[in-house]
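# Breakdown of the fold
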Amino acid sequence: MPLNPQPPGSARSAAELNERIRGLWMRTGGRLSAEQRREYEKLVTEWAAAVREEVVRAA
């Protein structure tokens, strides 16, 4: 299932994104199709942004 970008202000937490990434790997047994690889890349990019946002808020 493709990942839809989140509108500003409603971004998912790093923890939620981490769970989605782990779930993707579990569902695929560690082997991603081209479509799943694109989803993974989007999730990781969104996760990194969420981590940065959480660090900024904590500072």
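Further up the page is the structure itself.
Right, let's walk through the structure included here. The structure displayed is predicted, hence computed values, not measured ones.

One pass over the full model with this rule turns up 2 salt bridges. For Glu46, the salt bridge identified is with Arg12, shortest N-O distance 2.8 Å. Taken together, the residues span a long stretch of sequence, with Glu46 in helix H2 (residues 34-58) and Arg12 in the segment before helix H1 (14-28) at a distance of 34 residues. Assigned by exposure class, Glu46 and Arg12 land together as buried. Notably, a salt bridge pairs Glu53 with Arg57, separated by 3.4 Å at the nearest N-O pair. Here Arg57 and Glu53 lie together in helix H2, a separation of 4 residues that amounts to about one turn.

Here we take up the nonpolar core. One finds Ala14, Leu17, Ile21, Leu24, Leu32, Leu43 and Ala50 forming the largest nonpolar core, which totals 7 residues. With 4 residues, the single largest contributor to this core is H1. The residues contacting Leu17, other than those within four sequence positions of it, are Arg12, Leu43, Glu46, Trp47 and Ala50.

Tracing the backbone shows Thr28 in helix H1. At 3.3 Å, the side chain of Thr28 and the backbone oxygen of Trp25 are in polar contact.

What counts and how
Residues numbered from 1 in each chain as written. Predicted model: local features only at pLDDT ≥ 70, side-chain atom pairs only at ≥ 80, totals over all residues. Heavy atoms only, no water. Salt bridge = Lys/Arg side-chain N within 4 Å of Asp/Glu carboxyl O. Helix = DSSP H or I, 4+ residues; strand = E, 2+ residues; numbered from the N terminus. Buried < 20%, exposed > 50% of the residue type's maximum accessible area, 1.4 Å probe, protein only. Core = buried A, V, L, I, M, F, W, Y, C linked by side-chain atoms within 4.5 Å. Contact = heavy atoms within 4.5 Å. Polar contact = N/O pair within 3.5 Å; in protein donor to acceptor, adjacent residues only side chain to side chain.

So, to be careful, I would describe these as geometric facts and stop short of saying anything about function.
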